[in-house]
Amino acid sequence: MTSSSSPSQDTKRLARDYPEGLRADALMEEDVAWSHEIDSEWDGEQFDRSDRAALRRVAGLSTELEDVTEVEYRQLRLERVVLVGVWTSGTVQDAENSLAELAALAETAGALVLDGVIQRRDKPDAATYIGSGKADELRDVVLETGADTVICDGELSPGQLIHLEDVVKVKVIDRTALILDIFAQHAKSREGKAQVALAQMQYMLPRLRGWGQSLSRQMGGGKGGGLATRGPGETKIETDRRRIREKMAKMRREIAEMKTGREIKRQERKRHKVPSVAIAGYTNAGKSSLLNRLTGAGVLVENALFATLDPTVRRAETPSGRLYTLADTVGFVRHLPHHLVEAFRSTMEEVGESDLILHVVDGSHPAPEEQLAAVREVIRDVGATDVPEIVVINKADLADPLVLQRLMRVEKRSIAVSARTGKGIDELLALIDNELPRPAVEIEALVPYTHGKLVARAHDEGEVISEEHTPEGTLLKVRVHEELAAELAPYVPAQLA
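Residues numbered from 1 in each chain as written. Predicted model: local features only at pLDDT ≥ 70, side-chain atom pairs only at ≥ 80, totals over all residues. Heavy atoms only, no water.

Novice: So what exactly am I meant to see when it comes to the pattern of salt bridges here?
Specialist: Side-chain pairs of opposite charge can arise where the charged atoms are in close proximity. One pass over the structure, following the stated rule, counts 15 salt bridges. Where R242 meets E246, a salt bridge forms, and the shortest distance between an N and an O atom there is 3.8 Å. Remark: E246 and R242 occur in helix 10 (residues 236-271); sequence separation between them is four residues, near one turn of the helix. Residues participating in the shared-partner salt-bridge network are E101, D153 and R175. (Salt bridge = Lys/Arg side-chain N within 4 Å of Asp/Glu carboxyl O. Helix = DSSP H or I, 4+ residues; strand = E, 2+ residues; numbered from the N terminus.)

Next up, the structure:
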């Protein structure tokens, strides 16, 4: 800490640094002007402004790895991390691919991955996930790399988290917590934020910890208060759990209300007989890019996992002029936490209620077959196994031709496209046109010009085969649903009736 210069020194400095005409202006500036008679009366001794504005760091106040009495979801301040995986089945390449995906998730959350280790075991250790000896070795890796977080490639029990943290002496999180953190960062809509909050509370509830006052009990409820000792009462941690359950119940009600609004929109589309197509697939496979290419939706596209969470529905048109809706859904991932599947079930219903699924897979990924299997597992969970599926192998411009051939040989209903370059998009549109359900009734009608609304509905809700304008009206040959066919029936020409 240093004191400021004297008035005589300031005067000499101004005379040296400022021309004669600017000295008066400089003396009027608050940062330069100094008067012992005035300033000392109001502020006392004057200090350097840099010291006055500076923040001084105080060591020893960090509460990392110390629990608190209030319930809170600990924010994942991921910076320098070490990854840990347990290889229980499959090949070593499968285990390395899983850890590489965990690294991509960590980078998406904003972390710097320093190292990654895999432990071969028949099953994860019940106490420390990787075993006590390997936990000590992991501690050495953490010290050597200077990491502040360990991420485990699996969902750890509360006991495993506590015991592993006790050994490595830094924060330990699991794959589920990491994915929840990414979802919390990327959720933008009100429904998306509510779904993520519900999943976070479901994950946090069994993992609450307490020390000291968190385990103390409230006073019992005797008459008149005072020294009431009737019963031990609730512990603080029990009160916290009850509050979380109440918040979860409230969140579920809010999500159910928002689900009602989406169901109304879906029923309206069904009433107008508008077919729906859902885009599903692994995260970062290019679903949003494909939606933008097909509809010009302008959805965020980023080379990151779970870049977009909120479902987007856009109107599209087939080459033959048929209208349909195209819905982009949340991306899936290997071992998707069941908390997220449950919380996002209302959003994933877009897949189950659709007429056709475009299953997008990254053709340039090292293991595209694993992506297909992981997505189909989630599709099975939401009850959409009966919906027709087209496998869209995206990023064909970056993929190995042999991999494309292998995928297209195994997946009979598949097509290779590139959403970035537009390759194969026309063929995909034609395939969608062929696969969408067609109206059941084919009819030919001469609609008077005074009933133009029927012609417009035939274009919107049906498939126009031919159209001719005659003096009597519009001669239509269309395929339409039964309700519209009944309205067109009075205008069928006599020779065709």
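Having seen it, we continue.
Novice: Hey, could you run me through the pairing of strand 12 (residues 463-469) in this one?
Specialist: It is a general feature of regular strands that their side chains alternate between the two faces of the sheet. Alignment of strand 12 against strand 13 (residues 474-480), held across six bridges, turns out to be antiparallel. Within strand 13, the residue paired with S466 across the bridge is K477. (Pairing = 2+ DSSP bridges.)

Novice: Is there a simple way to think about a negative patch on the surface in this case?
Specialist: On the surface, D115, D136, D140 and E144 cluster together into a negatively charged patch. Structurally, D136 is set in helix 6 (residues 132-145). (Patch = residues over 30% accessible without salt bridge, like charges linked within 9 Å, V, L, I, M, F, W, Y side chains within 5 Å. Areas by Shrake-Rupley, 256 points an atom, 1.4 Å probe, with all protein chains shown as cover. Lys, Arg positive; Asp, Glu negative; His and termini not counted. Charge placed at Lys NZ, Arg CZ, Asp CG, Glu CD.)

Novice: Even after reading the chapter, I still don't get the nonpolar core, so can you show me in this structure?
Specialist: One recurring pattern in soluble globular proteins: nonpolar side chains tend to sit buried together. Counting residues in hydrophobic clusters, the biggest one holds 79 residues, and the most contacted among them are L138, L178, F332, L358, V392 and L428. Sorting elements by how many residues they give to this core places helix 8 (residues 175-186) first, with six residues. (Core = buried A, V, L, I, M, F, W, Y, C linked by side-chain atoms within 4.5 Å. Buried < 20%, exposed > 50% of the residue type's maximum accessible area, 1.4 Å probe, protein only.)

Novice: Looking at this structure, I do not really get unusual backbone geometry. What am I missing?
Specialist: Note on backbone geometry: most residues besides glycine have negative phi, and most peptide bonds are trans. Unusually for a residue other than glycine, Y129 sits at a positive phi of about 75 degrees. By the element assignment, Y129 lies in the loop between strand 2 (112-120) and helix 6. The exposure class of Y129 is buried, given its relative accessible area of 5%.

Novice: Is there a simple way to explain helix 5 (residues 92-108) in this structure?
Specialist: Each full turn of the α-helix corresponds to 3.6 residues, which orients residues three or four apart in the same direction. Between its first and last C-alpha atoms helix 5 spans 24 Å; for 17 residues at 1.5 Å apiece the expected length is 24 Å, and the two agree. On its buried face, helix 5 is in contact with strand 1 (80-87), strand 2, strand 3 (149-152) and helix 8. Just past helix 5, the residue G110 takes up positive phi, approximately 100 degrees. (Expected span 1.5 Å × (residues − 1). Contact = heavy atoms within 4.5 Å.)

Novice: Honestly, the packing of aromatic side chains in this entry has me stumped. Any pointers?
Specialist: By convention here, two paired aromatic rings are described through the distance between centres and the angle between planes. If you walk through the whole model with that rule in mind, you get zero aromatic pairs. Geometry around W87 places R120 over its ring, the cationic atom sitting 4.4 Å from the centre. (Phe/Tyr/Trp six-rings, centres within 6.5 Å; stacked < 30°, edge-to-face > 60°. Lys NZ or Arg CZ within 6 Å of the ring centre and 35° of its normal.)

Novice: Could you clarify how one ought to interpret the side chain of N97 in this entry?
Specialist: Within the secondary structure, N97 sits in helix 5. Excluding residues that lie within four positions of it along the chain, N97 makes contacts with R334 and A367.

Novice: Help me understand the environment of G383, please; the structure alone is not making it clear to me.
Specialist: When you line up the elements, G383 lands in the loop between helix 14 (368-381) and strand 9 (389-394). Overall, G383 belongs to the exposed group, its relative accessible area being 56%. Taking the C-alpha atoms as reference, G383 lies 9.8 Å from M348; in sequence the two are 35 residues apart.

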